[in-house]
Amino acid sequence: MIAKIKQLLEEIDTLKASNTEELEALRIKYLSKKGAINDLMADFRNVAADQKKEVGMRLNDLKNKAQDKINALKEQFADQDNTACDLDLTRSAYPVKLGTRHPLTIVKNEIIDIFARLGFSIAEGPEIEDDWHVFSALNFPPEHPARDMQDTFFIEANPDVVLRTHTSSVQSRVMEVTQPPIRIICPGRVYRNEAISYRAHCFFHQVEALYIDKDVSFTDLKQVLLLFAKEMFGAETKIRLRPSYFPFTEPSAEMDISCNICGGKGCPFCKHTGWVEILGCGMVDPNVLELNGIDSKVYSGYALGMGIERITNLKYQVKDLRMFSENDMRFLKEFEAAY
Ligand code: DAH
């Protein structure tokens, strides 16, 4: 009997099954009611009394080992089964969903592109600025209303620190470290303390352009403005300049374009004037050149600044400014084809 047990132990130790059917056959062969181990159990009563203890222990051991072995083989198939249902290497991959560019990014890139073709390169500056670069270096007198808390976000603990209210601050950042010729375009986010509504937000985006060299005149500015308007809004676009005031330019102007919605005939969008305002511009005030270390007797320049939201509205008629910052996928997806 002991020899038989030993032989079965050896057999069980080397058991192999390549699928669940084979495994079940092994279980029946060794562990079922009519299996080899049960047969031995049935013979147990014939074992001599003095050997019962040892044979009994060996029989139990055999049964446990057989059960363990069958269980181990079963687990191996359980693993394989899972793998088979989770991973199908022949299946084609899901298409990767691409994001869409934000409409403001699309328009910003378009503006940059037009100016890049004219030789302007991109310059950037910090959004958290100091009073000097946002105001003082740009010739804002101390009592200028733009410095008012109503318009500007100041840091209470240090009123010298502000969130920039315009990208013109990058002008002085560049001028203080670069001598002309300077030909830069500065896109970026700006902040103003406005009540949020469909037509105003506490942050928005601007693009600033600055050109400083010898003999730069208002004619050069006009030429660039006309070219920009035609490139951005179509070859039939007309421009009109109205005198204006900015502390950092003299003379200053505001530029209107012929309404691109009604073609200048007059519509609710242009309030029936046929014109819509799109940017501010002018010749850099000699004071600004001097404040930033550039000799105003040798150099002159022009600057212009525009709101990207405004240009985007004109191109795409987005009626509510808040749409730009709400991250509503239905809105953003509308611009999928625009770039
Ligand atoms: N910084 C002005 C604003 O935020 C826009 C502007 C006007 C920029 C005239 C200029 C400029 O460079 O020449 O309203």
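Reading guide: rules and limits
Residues numbered from 1 in each chain as written. Predicted model: local features only at pLDDT ≥ 70, side-chain atom pairs only at ≥ 80, totals over all residues. Heavy atoms only, no water. Helix = DSSP H or I, 4+ residues; strand = E, 2+ residues; numbered from the N terminus. Buried < 20%, exposed > 50% of the residue type's maximum accessible area, 1.4 Å probe, protein only. Contact = heavy atoms within 4.5 Å. Lys, Arg positive; Asp, Glu negative; His and termini not counted. Charge placed at Lys NZ, Arg CZ, Asp CG, Glu CD. Domains from an automatic or database assignment. Pairing = 2+ DSSP bridges. 1 Å grid on protein atoms, 1.4 Å probe; cavity = no way out; pocket = protein on both sides within 12 Å on 5 of 7 lines; lining within 4 Å. Points joined across faces, edges and corners; volume = space filled by probe spheres on them. Nonpolar A, V, L, I, M, F, W, Y, C, P; charged D, E, K, R; others polar. Core = buried A, V, L, I, M, F, W, Y, C linked by side-chain atoms within 4.5 Å.

## A look at the overall build of the protein
Then step 1. The helix and strand tally for the protein stands at eleven helices and ten strands.
Then step 2. Overall, the protein is about 125 × 50 × 40 Å in size when its C-alpha atoms are taken along their principal axes.
Then step 3. Taking all 339 residues of the protein together, 40% fall into the buried category.
Then step 4. For the protein, restricting intrachain contacts to residue pairs at least 6 apart in sequence, the fraction spanning at least 24 positions comes to 66%.
Then step 5. Considering the protein, the positive charge centre built from 42 side chains and the negative charge centre built from 50 side chains are found 9 Å apart.

## Structural notes on the domain arrangement of the protein
For an interface, size is often stated in terms of accessible area lost upon the parts coming together.
Then step 1. Annotation of the protein at the domain level lists domain 1 (2–83) and domain 2 (103–335).
Then step 2. Each of domain 1 and domain 2 has a C-alpha centre, and these two points are 86 Å apart.

## Overview of the sheet that holds strand 4 (residues 158–163)
Then step 1. With antiparallel pairing, the three strands of this open sheet are ordered in space as 2-4-3. The open sheet has two edge strands, strand 2 (128–130) and strand 3 (154–155), and neither has a second partner.
Then step 2. Bridge count between strand 2 and strand 4: three bridges; the pairing is antiparallel. The residue bridging Glu 129 from the neighbouring strand is Val 162, located in strand 4.

## Let's talk about the layout of surface pockets
Then step 1. Approximately 280 Å³ is the volume found for the second largest pocket.
Then step 2. Contributing to the lining of the second largest pocket are 16 residues, with His 102, Leu 104, Thr 105, Arg 189 and His 205 lying nearest its centre.
Then step 3. Of all the elements in the fold, those that place two or more residues in the lining of the second largest pocket are helix 5 (103–117), strand 5 (182–191), strand 6 (203–213) and helix 10 (308–316).
Then step 4. Its residues assigned to classes, the lining of the second largest pocket shows six nonpolar, six polar and four charged.

## Remarks on the environment of Glu 24
Then step 1. One can find Glu 24 in helix 2 (residues 20–31).
Then step 2. For the pair formed by Glu 24 and Lys 74, sequence separation is 50 residues and the distance between their alpha carbons is 9.2 Å.

## Some points on the nonpolar core
Then step 1. In terms of nonpolar packing, the biggest core is built from 43 residues, with Ile 111, Phe 115 and Leu 304 touching the most fellow members.
Then step 2. The set of elements that each furnish at least two residues to this core consists of helix 5, strand 6, helix 8 (218–233), strand 8 (249–258), strand 9 (275–284), strand 10 (300–307), helix 10 and helix 11 (329–332).
Then step 3. Of all the elements, helix 8 adds the most residues to this core, at seven residues.
Then step 4. When sequence neighbours within four positions are dropped, the list of residues in contact with Leu 304 reads Phe 115, Val 207, Glu 208, Ala 209, Leu 221, Leu 225, Leu 279, Gly 280 and Cys 281.
Then step 5. Core analysis: the second largest hydrophobic core is formed by 22 residues, Met 175, Leu 210, Leu 289 and Ala 303 among them.

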